[in-house]
Every structure is written in structure tokens, then in C-alpha cells.
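# Summary of structural features
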Amino acid sequence: MTSERKILLLGSGFVAGPTVEYILRRPENHLTIAVRHIEHARALASQFARARPIALDVTDEKALDDAVSKHDLVISLIPYTLHPTVIKSAIKFKKHVVTTSYVSDAIKEFDQAAKEAGVTLMNEIGLDPGIDHLYAVKTISEVHSQGGKILSFISYCGGLPAPENSNNPLGYKFSWSSRGVLLALRNPASFYQDGKIVSIPGSELMDSARPYHIYPGFAFVAYANRDSTSFKERYKIPEAQTILRGTLRYQGFPSFVKVLVEIGLLDDTPKDFLESNAQDIAWNSVLARLLGSPSTSETELRASVLSKTKVSGDDIERVLYGFKWLGLFSSDLVHRRKTLLDTLCATLEEKMQYGEGERDMVLLQHKFEVENKDGSKETRTSTLLAYGKPKGPSAMATTVGVPCGIATQLILDGVIKQKGVLAPYTPEINNPIIEALEKEGIIVLEEKL
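Residues numbered from 1 in each chain as written. Predicted model: local features only at pLDDT ≥ 70, side-chain atom pairs only at ≥ 80, totals over all residues. Heavy atoms only, no water.

Turning our attention to the overall build of the chain. For the chain, the helix and strand inventory stands at 16 helices and 16 strands. Over its C-alpha atoms the chain spans a radius of gyration of 24 Å, differing by no more than 12% from the 22 Å that the globule rule assigns to 449 residues. By its C-alpha atoms, the chain is 75 × 60 × 40 Å across when sized along the principal axes. Sorting the 449 residues of the chain into buried and exposed places 54% on the buried side. Pairs at least 24 residues apart make up 70% of the contacts formed inside the chain by residues separated by at least 6 positions. (Helix = DSSP H or I, 4+ residues; strand = E, 2+ residues; numbered from the N terminus. Rg over C-alpha atoms; globule rule 2.2 N^0.38 Å. Buried < 20%, exposed > 50% of the residue type's maximum accessible area, 1.4 Å probe, protein only. Contact = heavy atoms within 4.5 Å.)

Have a look at this one:
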């Protein structure tokens, strides 16, 4: 009989449920769910046997050490900036750690200490990053083992409403912080194209979005996401001339966001009239201030928006409809949140949440241009399409939470044995995870075109 295993889960957000469900299938596993406010942990723990909630502030070193020392492994699903604090404590007590976040420079610094302590620090094991790495490395390893080359690697991933629930101007709904989603749209991007590095300033990111075909039933646009250039080394494809990782959205999304940027609604500097103690103010008054409009009438505001943007044609009509749908031309009072960005986010989160019975969708596709050993060329794709369950876990929660749970179990079982700072970039780590994912029905379709 396997001895009892104790796992400490930090965080109880929307991806935690599938992680907990997977881990607690094994009767020897006992889970402690730790969050700052215990009521959030209590709600999740009450759904499972062998799960208990505790209140924990991870910035309290003594309290964190006490909790970590009593467990065999720590899963950190809290903000990535706090992972180093958790890892420091885990190494002190020789406990393994699993996160779904990218390996930051701060995490890299723990590699030698973790190896000396005999500790596994597993990272980047969710969806993106996570499943994307698994199937990129799989195809690249297969091609290289057969003497071939990867000439081009293009990968796009999107977490979106299912088509029937994409019924708003952005074609998007928020299952997490809208602020985080919008701020990500201001990040610059860089990638390899035909052997040269292409850099796109954050201010031009939405201009770079282009239609992207995966299946005929979807109207996608795609744009680059942050820095793809490091994946030449990470994926061991020095021969690749094009390397691009990016984001999928429904058509119309970039134009809408572009107008928000152009008129200043994503400004995150404090405004006196949006302070919590300021007088109530309506959206049309906020927009008039922002646009320098002489009037708060819808006609004047529409004209002012048109004068500030380069978007035109059908796109601007969709944008103006979206402004009206959100109430930005109306006398509805805003939820004052100090900045224009946060005030807008309050409205977006109010109007663009998933409704009862609605479902989300995840779509990930890698496209490889391959030159085989004999000089022939072919295109390969790896495609994951997953839908959430109405009244059940979302596709995003499942495709992030289950890989995290699988990696946790494989470490506990001694299948993943490597020590130090790890991420899923080698077949030795990846293949057992892929096998377990497929048993869970998370299937990536691999095709040669």
C-alpha cells in the first residue's frame, strides 16, 4: 500500500478545480488548499474528500515555512511574482514545487540550490505554456531523429467563448482579470521571419493582426505574442528561419482594441474625476472629456471617435456599435476605479462574463514546415480544440489544471526524477505527460498536409 502523500496547493482560482480533482483520485493523496481568505479555499475543499482549507499569507515567512514543511510537494497557482518566495521555502525543507508559469530569471537562480537539495521545481505545465511545449518538442524530436529540419514553426493559441457564446462586440468573455487581458495587448512582440528578427511595438500590435485559417467554421485573426525568438534555442531548432508564437482572437477584436487605445481608454494613469470620492459621472461625460467633445450627445461622441481613429469601413461600424452596446455613449454611471483602464474594466467585467450554461473554447495549433532528409518538404500541424462543459469546468481550466495535476502525480510517483529547475522541453519529461493527457481525453490531432 502506498504511503500517504501530502500536497499543499497555494491558490484556489478557476484552474484549481481540475488540478484538485485529478490529484485526489489517488486515495493516498491528501490536499491542503491555502489562500489568504479561507472562505475561497473552503468552497473548493468542500467538494472533495481528503481536502482541507487553511488561511495563509505567503508573504508571512514563518507561516509559509510552517505550511510547506508539513507537505511533500507544493503546487503554486498564485501570481508568478510570488513563486520565488514559495520556492525558497520549499528548498529549505526539501519539498518539490509545481507551477504553470514561465521560468523567470528569479526562478532560474534556484536551479543549483534545488539540485543540491534533491528538489524538483517543475514549471510551464499548463496549456500555454505547457501543452504547447509538449507537442512542439514531440514533432521537432521526430523530425530531427529522422534527419530532417524544421524550416518554420508557427504556433497560435486562443482561449475564447465558443462560437455560439461569442455574442458581444469583442467576441470575447472574461474568465479572469480583464485588466490583465487588456494590458497584454500593449506588450511589444518579436519573432523570426525568413531568418530576420521582426519587432513590433506594443502600440502597433493590433495593426499587425491578420486573418488566420485553421478550420472553415472559425473567423480568426492572429498576432504575435511577446518574444518568440528565444524558442530557437529552447526548442533546439537553430535551422528554423521563421519562429512565431502568437494569440488567436475572433475577427473584430483587434479593431475594437485599436480604437480603445487610440482614444485613450487604456490609459492607466490616475484621473481626479475617477477617484472613489469624486462625484458620480456618466460614461458619456467621461467620453466627452476624453475626446474633447463639445457635447455628450451620441451624435457628437460618434463624430469625435471617428476623428480620432484610423479604423474605417465595416470595422468602424462594428466598433461604434460596440461602444453603444457597452453603454459608453449613455448616461449610465461609471464604476469609478481611479484610471480610465480600470474604470473600463469594471464595465467590461460587468457586461462580458460567461452566463449560465455558456461554454468556452480553447484552440491551439502548431504549424511546422519540414524539410525531410531526402530533401522533400511537407507541412505538419498539431491541433487541440477543446470546449468547456456548461455548468462544469471550462476548457481553459481543464487544459491548464489537468496537465498541472498530471505533472504533480508523476513527480510523486518518481516518474519525473530530474532535479533542479525544469520545464517540459525534453521527451523524457514530456512523453509520460502526453500519455496521461490522452487518457484524460485531451487529444492533440497531428496531421501531415
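There is more to say after this.
A few words on the packing of aromatic side chains. Counted by the stated rule, this structure contains twelve aromatic pairs. An aromatic cluster is present here, built from Phe153, Phe231, Tyr235, Phe368 and Tyr425 joined pairwise through their rings. Seen from the ring of Phe273, Arg289 lies directly overhead, with NZ or CZ sitting 4.3 Å from the centre. The ring of Tyr387 is capped by Arg359, whose NZ or CZ atom sits 4.2 Å from the centre of that ring. (Phe/Tyr/Trp six-rings, centres within 6.5 Å; stacked < 30°, edge-to-face > 60°. Lys NZ or Arg CZ within 6 Å of the ring centre and 35° of its normal.)

By the element assignment, Val97 lies in strand β5 (residues 96-99). Apart from the residues within four sequence positions on either side, Val97 is in contact with Val74, Ile87, Ala90, Thr120, Leu121 and Met122.

All right, on to the packing of helix α7 (residues 131-145) against helix α16 (residues 427-439) then. As a packed pair, α7 and α16 sit with axes 10 Å apart at the nearest point and diverge in direction by 115°. As for how α7 packs across α16, the hand of that crossing is left-handed. In this structure, α7 uses Ile131, His133, Leu134, Tyr135, Val137, Lys138 and Ser141 to contact α16, whose residues at the interface are Pro427, Asn430, Ile433, Ile434, Leu437 and Glu438. Looking at the contact of α7 with α16 residue by residue, the classes come out as eight nonpolar, three polar and two charged. (Axes fitted to C-alpha atoms, helices over the stretch in contact; angles between N-to-C directions. Left-handed = near helix turned anticlockwise from the far one by under 90°. Nonpolar A, V, L, I, M, F, W, Y, C, P; charged D, E, K, R; others polar.)

Inspection of the sheet shows strand β8 (residues 189-193) paired to strand β9 (residues 196-200) by five bridges, in the antiparallel sense. In the strand pairing of β9, Gln193 is matched with Lys196. Remark: two residues form the turn of the hairpin made by β8 and β9, two consecutive strands paired antiparallel; Asp194 in that turn has positive phi of roughly 55°. (Pairing = 2+ DSSP bridges.)

Right, let's get into the pattern of salt bridges. The full count for this structure, using the stated rule, is 28 salt bridges. The partner of Arg26 in a salt bridge is Asp413, with the nearest N and O atoms 2.8 Å apart. Linking Arg26 in the loop between α1 (16-23) and β2 (29-35) with Asp413 in the loop between α15 (395-412) and β15 (420-422), this pair joins segments that are 387 residues apart in sequence. Among the ionic pairs, Asp128 bridges to Arg245, the shortest N-O distance being 3.4 Å. In this pair, Asp128 is assigned in the loop between β6 (120-122) and α7 and Arg245 in strand β12 (residues 242-250), connecting sequence segments 117 residues apart. Connected via shared salt-bridge partners are Lys138, Glu142, Glu378, Arg380 and Glu446. (Salt bridge = Lys/Arg side-chain N within 4 Å of Asp/Glu carboxyl O.)

Along the chain, Asp128 connects to Pro129 via a cis peptide bond; the corresponding omega equals 15°. Here Pro129 lies in the loop between β6 and α7. Phi at Lys94 is positive, roughly 55°, even though this residue is not glycine. Of note, Lys94 is situated in the loop between α4 (83-92) and β5. Lys94 gets classed as exposed once you look at its relative accessible area, which sits at 57%.

The terminal C-alpha atoms of α16, which comprises 13 residues, lie 18 Å apart, in line with the 18 Å expected from a rise of 1.5 Å per residue. Every buried residue of α16 is listed here: Ile429, Asn430, Pro432, Ile433, Ile434, Ala436 and Leu437. Packed against the buried residues of α16 are α1, β6, α7, α15 and β15. Positioned one or two residues after α16, Gly441 has a phi angle of 80°, which is positive. (Expected span 1.5 Å × (residues − 1).)

For the rest of this paragraph, the subject is the sheet that holds β2. Reading across the sheet, the seven strands line up as β3-β2-β1-β4-β5-β6-β15 and stay open at both edges, with parallel pairing between neighbours. Because the sheet does not close on itself, it has two edges, and the strands there are β3 (51-55) and β15. Strand-to-strand twist across the sheet, computed as the mean angle between neighbouring axes with direction ignored, equals 20°.

Turning to the state of the cysteines, a few remarks are in order. One pass over the structure, following the stated rule, counts zero disulfides. Cys157 takes part in no disulfide bond, and the closest cysteine sulfur, belonging to Cys404, lies 17 Å away. (Disulfide = S-S within 2.5 Å.)

Our focus in this paragraph is the side chain of Thr408. Here Thr408 shows up in helix α15. Among the residues examined, Thr408 registers a relative accessible area of 0% and is labelled buried. Residues in contact with Thr408, not counting those within four places in the same chain, are Ile23, Leu73, Ile75 and Val98.

A word on the side chain of His366. Secondary-structure assignment places His366 in strand β13 (residues 360-371). Given the relative accessible area of 1%, His366 is considered buried. Looking at His366, its side chain comes within polar contact range of the side chain of Ser155, at 2.8 Å. Residues contacting His366, with those up to four places away along its chain left out, are Asp132, Tyr135, Ala136, Phe153, Ile154, Ser155, Arg380, Thr381 and Ser382. (Polar contact = N/O pair within 3.5 Å; in protein donor to acceptor, adjacent residues only side chain to side chain.)

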